[in-house]
Amino acid sequence: MVIFGGGGDLTRRLLIPAIYNLTCAGLLNPDFAIVAVDWAEMDTEHLRAQLEITIRQFVAQRRATAVTLQEDEWNWLCQRVSYVRGSFDDPATYQRLGEICGAGNCVFYLAVAARFFGTIVSQLDAAKLTAETDMGYRRVVVEKPFGSDLGSARALNTKLLASLNESQIYRIDHYLGKETVQNILALRFSNGFFEPLWNRQNIDHVQITAAETVGVEKRGRFYEGTGAMRDMVPNHIMQLLAMVAMEAPASFDADAVRDEKTKVLAAIHETTHRDAVRGQYDAGTIAGRPIPGYREEPDIAPDSETETFVAMKLNIDNWRWAGVPFYLRTGKRLTLRKTEIAVHFKQAPYALFRDTPVEKLTPNIMVLQIQPSEGVTMQFSAKLPGPVVKLGGVRMKFDYADWFQEGPSTGYETLIYDCLIGDATLFQRADNVEMGWRVVQPILDAWQAGQGEVCQYAAGRPGPAQADELLARDGRHWLRLTA
Ligand code: BG6
């Protein structure tokens, strides 16, 4: 595996720990090796020492306190890491890589800023490093962000496809590496009792929430030009929506799954800015800690209009979902960290019980919890104990951590392993990416043209009041953001 950006943060924090986990699980080929490519002045010994510090920190913060670093496995992996210093646009870098890689299997992992994607792939092609032979495959992993709008995503696809076949490109969306995201398909399609209810006859609406408490951290410069919509919606949120709303694929073959995802995203009715709310956090408090406003963060313009929150309403024009709105919200510096999908079922048609009119019945809600708690919760009505017949809401919960001993992985393990074995199911195809952008493009255009105000919300709140109004218009409200 050749990692461009091998001296960077993503490699240290996520890729190497994930590859270490694969080593411990015995899933790597005995000939596996990593070549880290970066421009920084450094050598192999220095890089290995840096990685060792991070891997010890990573292991120390794992949930299971008894876990310690497996020294033999780590030493095996560490000895297989080497460093190549070079510029990404210099043919000499690729000549050197050609000498190291030889004819075997090779994954080129682009853990670099998006502006280098095209250059690196063209240079790999020019150096004949992308040509697959009987001796080995050649695959390229492309990180996010994949374009900054529909036009640039298409242009990037064209550029990559000039040097590679679609089957060689692995576009990562790290949400698809999360166990609980993958579990959505298992839950829907391997159980008999969900799927018959999963349609417009029984479901009132769906809410998808990806709430974060973190701000823009050290990424101010990147975030200023990106904003919450581009950062989260066409990619992560659209993937969640596709998992919940897609039809059953004919098989779990990569293309069968990706065909269905593309179809459901293509069925999303054209959006307008009236179906969206953009917000930006102001100063506030989270967990008792004072938080500065977005415009006071480093590298942020004092009059910035970049959104740190988005809420949207979408409709899917197909037989399964016509008339069932999907409400999405995501933001930084919100009340708490929570990613979940709440499927709200229709009310029972009438209430049999005294003192419980239909509108007072607890709605049936099935919540697929993605993070930080991982599992599934079902909310329904039950008789309250006592001689007087009354109903109340109860919850039934399946918790991953209770049931399975291992805490879910960081997500990169599955993705890297799948790429090594050539399973592209969890990676985005060119048309998936473009469909995600298609959905948000009209809103981005309207915002660019100055339509739709940027609504302020205090850090620590669940978002701006206008996001509540978006649902109130339809007589609905967001599930409360509580632990
Ligand atoms: C990234 C975004 O893709 O996803 C970040 O660029 C965001 O801004 C992150 O914080 C959220 O990922 P997770 O796994 O923490 O939910």
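Keep in mind it's a predicted model, so treat the numbers as computed, not measured.

A.B. asks: I'd like a description of the site of the ligand, backed by residues and values.
C.D. replies: Taken together, Lys144, His174, Tyr175, Lys178, Glu212, Arg219, Asp231, His236, Lys332, Arg337 and Gln371 are the residues near the ligand. One of the side-chain nitrogen or oxygen atoms of Arg219 is found 2.8 Å away from an oxygen atom of the ligand. The contact in question runs from an oxygen atom of the ligand to an N or O atom on the side chain of His236, over 2.7 Å. Across the shell around the ligand, the residue classes tally to one nonpolar, three polar and seven charged.

A.B. asks: Just give me the short version of the nonpolar core, but keep the residues and values in it.
C.D. replies: Counting residues in hydrophobic clusters, the biggest one holds 141 residues, and the most contacted among them are Phe4, Tyr109, Met312, Phe326, Ile341 and Ile416. It is helix H9 (residues 227-245) that contributes the most residues to this core, 12 residues altogether.

A.B. asks: Which residues make up empty space enclosed by the protein, and what values do they have?
C.D. replies: If you walk through the whole model with that rule in mind, you get four cavities of 30 Å³ or more. If you list the elements that add at least two residues to the lining of the largest cavity, you get H9 and helix H13 (430-448). The class makeup of the residues in the lining of the largest cavity is seven nonpolar, two polar and three charged.

A.B. asks: So, the layout of surface pockets: which residues are in play, and what are the values?
C.D. replies: A volume near 840 Å³ is recorded for the second largest pocket. Around the second largest pocket, the lining comprises 31 residues; the ones closest to its centre are Ile365, Gln379, Arg395, Leu479 and Arg480. At the level of secondary structure, the elements contributing two or more residues to the lining of the second largest pocket comprise strand E7 (203-211), strand E13 (338-345), strand E14 (365-371), strand E15 (375-383) and strand E16 (391-399). For the lining of the second largest pocket, the element with the most residues is E13, which contributes five residues. A per-class count over the lining of the second largest pocket returns 10 nonpolar, 12 polar and nine charged.

A.B. asks: Explain the packing of helix H1 (residues 9-24) against helix H3 (residues 71-78) to me, and be specific about the residues and the numbers.
C.D. replies: Put simply, H1 and H3 touch, their axes get as near as 9 Å, and they point 120 degrees apart. Taken together, the axes of H1 and H3 are oblique relative to one another. At the point where H1 passes H3, the crossing takes the right-handed sense. Mapping the contact onto sequence places Ile16, Ile19, Tyr20, Thr23 and Cys24 in H1 and Glu73, Trp74, Trp76 and Leu77 in H3. A breakdown of the residues in the contact of H1 with H3 according to their chemical character gives seven nonpolar, one polar and one charged.

A.B. asks: So what about the packing of aromatic side chains? Which residues, and what values?
C.D. replies: A full pass over the atoms with the stated rule returns 15 aromatic pairs. For the pair Tyr281 and Tyr457, a centre-to-centre distance of 6.4 Å together with 65 degrees between the ring planes defines the contact as edge-to-face. On the criterion of sequence distance, the pair formed by Tyr281 in strand E8 (residues 276-282) and Tyr457 in strand E17 (residues 454-458) is long-range, its members being 176 residues apart. Assigned by exposure class, Tyr281 and Tyr457 land together as buried. Geometrically, the ring pair formed by Phe398 and Phe404 is edge-to-face, given 6.5 Å between the ring centres and 90 degrees between the ring planes. Chaining the aromatic ring pairs together yields one cluster made of Tyr223, Tyr281, Tyr294, Phe309 and Tyr457. Directly above the ring of Tyr137 sits Arg139, whose terminal nitrogen or CZ lies 3.4 Å from the centroid. When the ring centre of Tyr175 is taken as origin, the NZ or CZ atom of Lys178, which lies over that ring, is 4.8 Å away.

A.B. asks: Can you tell me about the sheet that holds strand E6 (residues 169-171), naming the residues and giving the values?
C.D. replies: The strand order across the open sheet formed by six strands is E3-E2-E1-E4-E5-E6, and the pairing between neighbours is parallel. Since the sheet does not close on itself, it has two edges, and those belong to strand E3 (81-85) and E6, each with one partner. Across the sheet, the axes of successive neighbouring strands diverge by a mean angle of 20 degrees, strand direction being ignored. By the bridge criterion, five bridges tie strand E4 (residues 106-110) to strand E5 (residues 138-142) in an arrangement that is parallel. Across the sheet, Leu110 pairs through a bridge with Val142, a residue of E5. With respect to the sheet, helix H2 (residues 44-60) is in contact with strand E2 (34-38) and E3, its orientation differing from that of E3 by roughly 125 degrees.

A.B. asks: How would you summarise the sheet that holds E8 if you had to cite specific residues and measurements?
C.D. replies: On the basis of which strands lie adjacent, the open sheet formed by nine strands has the order E16-E15-E14-E13-E7-E12-E11-E8-E17 and mixed pairing. Looking at strand neighbours, the two that pair on one side only are E16 and E17, the edges of this open sheet. Going across the sheet, the axis of each strand differs from the next one's by a mean of 20 degrees, ignoring polarity. Of the pairings in the sheet, the one linking E14 to E15 comprises five bridges and is antiparallel in character. Each residue of the ladder has a partner; that of Val367, found in E15, is Thr377. Seen against the sheet, helix H14 (residues 465-472) touches E7, E8, strand E11 (309-314), strand E12 (326-331) and E17 and runs at an angle of roughly 10 degrees to E11.

A.B. asks: How would you summarise the state of the cysteines if you had to cite specific residues and measurements?
C.D. replies: All told, the structure shown has zero disulfides when counted by the stated rule. No disulfide involves Cys106; its nearest neighbouring cysteine sulfur is the one of Cys101, lying 3.6 Å away. Residue classification places Cys106 among the buried positions, given a relative accessible area of 4%.

The rules behind each value
- Residues numbered from 1 in each chain as written.
- Predicted model: local features only at pLDDT ≥ 70, side-chain atom pairs only at ≥ 80, totals over all residues.
- Heavy atoms only, no water.
- Near = heavy atom within 4 Å.
- Polar contact = N/O pair within 3.5 Å; in protein donor to acceptor, adjacent residues only side chain to side chain.
- Nonpolar A, V, L, I, M, F, W, Y, C, P; charged D, E, K, R; others polar.
- Core = buried A, V, L, I, M, F, W, Y, C linked by side-chain atoms within 4.5 Å.
- Buried < 20%, exposed > 50% of the residue type's maximum accessible area, 1.4 Å probe, protein only.
- Helix = DSSP H or I, 4+ residues; strand = E, 2+ residues; numbered from the N terminus.
- 1 Å grid on protein atoms, 1.4 Å probe; cavity = no way out; pocket = protein on both sides within 12 Å on 5 of 7 lines; lining within 4 Å.
- Points joined across faces, edges and corners; volume = space filled by probe spheres on them.
- Axes fitted to C-alpha atoms, helices over the stretch in contact; angles between N-to-C directions.
- Parallel < 35°, antiparallel > 145°, perpendicular 65-115°, else oblique.
- Left-handed = near helix turned anticlockwise from the far one by under 90°.
- Contact = heavy atoms within 4.5 Å.
- Phe/Tyr/Trp six-rings, centres within 6.5 Å; stacked < 30°, edge-to-face > 60°.
- Lys NZ or Arg CZ within 6 Å of the ring centre and 35° of its normal.
- Pairing = 2+ DSSP bridges.
- Disulfide = S-S within 2.5 Å.

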